[in-house]
Amino acid sequence: MNLIRLPLLISIQFILTLLLSVQSQAQTSVWQVSNGDNTIYLGGTFHMLMPQDYPLPKEFEQVYKKVNWLVFETDIAELDTPDFQKKFLKAMSLPNGQILADQLSPQAYSGLIHYAAKNNIDTGRLQHFKPQMIALIVTLEELKKYGLTAQGVDSFMGDKASLDGKMVTKLESIDEQINYIATMSEGYESELILQTLEDIQVLSRDLTIMRDAWRSGNSHDLFETGISPMKKDYPQIYHSLLVERNNNWLPKIERLIKQPESKFILVGALHLIGEDGLLEQLKRRGYQVQQYNSTP
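What you are looking at is a predicted structure, and each value in this text was computed from that prediction instead of being measured.

Rules used in this analysis
Each chain has its residues counted from 1, running along the sequence as written. Per-residue local features are limited, in this predicted model, to residues with pLDDT of at least 70; the limit for side-chain atom pairs, both in listing and counting, is 80 or more; totals at the level of whole chains, interfaces and linings are taken over all residues. As a convention, hydrogens and water are excluded, and side-chain values are obtained from all of the structure's heavy atoms. Secondary structure elements follow DSSP: runs of H or I no shorter than four residues count as helices, runs of E no shorter than two count as strands, and numbering proceeds from the N terminus. Buried means the residue's accessible area, taken with a 1.4 Å probe over protein chains only, is under 20% of the maximum for its type, while exposed means over 50%, and partly exposed covers the values in between. What makes two residues a contact is simply this: any of their non-hydrogen atoms within 4.5 Å. Throughout, the Shrake-Rupley method with a 1.4 Å probe supplies accessible areas, and for residues the shown protein chains are the sole cover considered. Aromatic rings from Phe, Tyr and Trp, taking only the six-membered ring of Trp, are treated as a pair when their centres fall within 6.5 Å; an angle between ring planes under 30 degrees marks them as stacked, one over 60 as edge-to-face, and anything in between as tilted. By this definition, two strands are paired if DSSP reports at least two bridges between them. Where helices are involved, their axes are fitted lines through C-alpha atoms of the stretch in contact, as for all axes, and angles between N-to-C directions lie from 0 to 180°. Throughout, nonpolar core names a set of buried Ala, Val, Leu, Ile, Met, Phe, Trp, Tyr and Cys residues whose side chains join them through atoms within 4.5 Å. The score called pLDDT rates the predictor's confidence residue by residue, from a low of 0 to a high of 100. A pairing counts as a salt bridge when a side-chain nitrogen of Lys or Arg comes within 4 Å of a carboxyl oxygen of Asp or Glu.

### Digging into the overall build of the protein
(1) Moving on: Along its length, the protein carries 12 helices and eight strands.
(2) Moving on: For the protein, buried positions account for 54% of its 296 residues.
(3) Moving on: Taking contacts inside the protein between residues at least 6 apart in sequence as the whole, the part at least 24 apart equals 87%.
(4) Moving on: As displayed, the protein offers around 13,100 Å² of accessible surface, 49% of which is attributable to carbon and sulfur atoms.

### Brief notes about the packing of aromatic side chains
(1) Moving on: Enumeration over the complete set of coordinates arrives at four aromatic pairs.
(2) Moving on: Ring plane angle 50° and centroid distance 4.9 Å describe the contact between Tyr 54 and Phe 156, whose orientation is recorded as tilted. Residue Tyr 54 is located in the loop between strand S3 (48–49) and helix H2 (58–66), and its partner Phe 156 is located in helix H6 (residues 153–164); the two are separated by 102 residues in the primary sequence.
(3) Moving on: On the basis of an interplanar angle of 40° and a centroid distance of 6.2 Å, the ring pair of Phe 60 and Phe 264 is categorised as tilted.

### A word on the sheet that holds strand S1 (residues 30–34)
Sheet strands pair by backbone hydrogen bonding; their relative direction is either parallel or antiparallel.
(1) Moving on: Within the open sheet, the six strands sit side by side as S6-S4-S7-S2-S1-S8. Their pairing is mixed. In the strand order of this sheet, the two ends are held by strand S6 (167–170) and strand S8 (288–291), each with one partner. Taken over all neighbouring pairs, the strand axes of this sheet differ in orientation by 25° on average, direction set aside.
(2) Moving on: Inspection of the sheet shows strand S4 (residues 69–72) paired to S6 by four bridges, in the parallel sense. What sits directly across from Trp 69, in S6, is Met 167.
(3) Moving on: Lying over the sheet, H6 contacts strand S2 (39–45), S4, S6 and strand S7 (264–268), oriented at roughly 145° with respect to S4.

### Some words on the nonpolar core
(1) Moving on: In terms of nonpolar packing, the biggest core is built from 80 residues, with Leu 42, Met 157, Ile 253 and Phe 264 touching the most fellow members.
(2) Moving on: Ranked by residues supplied to this core, first place goes to helix H11 (residues 235–258) with 10 residues.
(3) Moving on: If near-sequence neighbours (up to four positions away) are discounted, Ile 253 is found in contact with Ile 40, Leu 42, Leu 171, Ile 265, Leu 278 and Leu 282.

### Describing the confidence of the model for the protein
(1) Moving on: For the protein, the mean per-residue pLDDT works out to 84, and 88% of the residues sit at or above 70.
(2) Moving on: Within the protein, the lowest mean pLDDT, 37, falls on helix H1 (residues 13–16), and the highest, 98, falls on S4.
(3) Moving on: When the criterion is pLDDT under 50, residues 1–26 qualifies, and its contacts beyond four places in sequence or with other chains add up to 111 contacts.

### What to know about the pattern of salt bridges
Side chains that carry opposite charge are capable of pairing whenever their charged atoms lie near each other.
(1) Moving on: Considering all chains together, one arrives at eight salt bridges under this definition.
(2) Moving on: Of the charged contacts in the structure, one is a salt bridge between Asp 175 and Lys 87, with a shortest N-O distance of 3.1 Å. With a gap of 88 residues between them, Asp 175 in helix H7 (residues 174–183) and Lys 87 in helix H3 (residues 82–91) connect regions that are remote in the sequence.
(3) Moving on: Among the residues examined, Asp 175 registers a relative accessible area of 46% and is labelled partly exposed.
(4) Moving on: Residues Arg 245 and Glu 172 are paired through a salt bridge, measuring 2.6 Å at the closest nitrogen-oxygen approach. Of this pair, Arg 245 sits in helix H11 while Glu 172 sits in the loop between S6 and H7, placing them 73 residues apart in sequence. For the pair formed by Arg 245 and Glu 172, the shared burial category is buried.

### Here's the deal with the pairing of S2
(1) Moving on: Along S2, six of the seven residues are buried, which leaves the element largely enclosed by surrounding structure.
(2) Moving on: Bridge count for S1 against S2 is five bridges, and the pairing is antiparallel. Along S2, the bridge assignment pairs Trp 31 with Leu 42.
(3) Moving on: Once S1 ends, the chain turns through four residues before running back antiparallel as S2, passing Gly 36 with a positive phi of about 100°.
(4) Moving on: Note: S2 against S7, five bridges, orientation parallel. Each bridged residue has a counterpart across the sheet, and for Tyr 41 the counterpart in S7 is Phe 264.

### Some words on H7
(1) Moving on: Residues of H7 that are buried: Ile 174, Gln 177, Ile 178, Tyr 180, Ile 181 and Ala 182.
(2) Moving on: Summarising the contacts, the buried residues of H7 are in contact with H3, helix H5 (131–145) and H11.
(3) Moving on: Two residues or fewer after H7 comes Ser 185, characterised by a positive phi angle close to 60°.

### Digging into the environment of Asn 246
(1) Moving on: Its place among the elements puts Asn 246 in helix H11.
(2) Moving on: Residue Asn 246 is classed as buried on the basis of its relative accessible area of 2%.
(3) Moving on: Note: C-alpha distance between Asn 246 and His 271 (25 residues apart in sequence) is 6.7 Å.
(4) Moving on: Those residues in contact with Asn 246 that sit more than four places away from it in its chain are His 271, Asp 276, Gly 277, Leu 278 and Gln 281.

Below you can see the structure in the form of structure tokens.
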């Protein structure tokens, strides 16, 4: 599994706690945005799923068939290239002469060593990576235990669009996304590791919550269990990975709305909700925003 496909998986909190109870009224993670003349669709995605999560909710397939233009967070095709892998690993590696043990507090490093020993991970291979990369590795190790081994919505739709000859564009470059991940939580690396190790303790429970929530599209519970904890525990990461990127994407999305051809824009689910989310920002700018009504 390609690490860059998981920009919101640094903490389990970021994507797992999405819903406490499924509402009886059918909802969806796909939204329709209009300026009165033109319409685009915004889909909230998960970057890693279980095999049994396929087929995707019908709304994704219905909107996919309506459009000939898909827009992703970044260049989906480039993610699997050797050039990207090289660039990503370089950005996530420590400078020569530095090791992980020197980057973390004794408490954070001790917790990481204990986790590695319990999970048969060679700590020697971790020493030259930044704490941000270590948080990714720990999270992936845990997600795999619970069956999240299938490609996520983004990569699935990207592959499908390529086969069908649909136009595919992006909201940010690969270099921009790598930089967000490599520099997040700078100055708070020990806190990042400690919180990640704490979050994985409730992973089993939250995985069930996550999968139900994504299919139901309940924005209220998504905010209460996804955004609120992130703002409290990771304010710096919340700002850099969500707020800053949303603000950068918004003018690009507005330009796409002004064009007559409909598009399907697919971004991580947490980018859509809350006062800093794309949906509220578009509403404040006068656009008509509503959940997509699927056909039988």
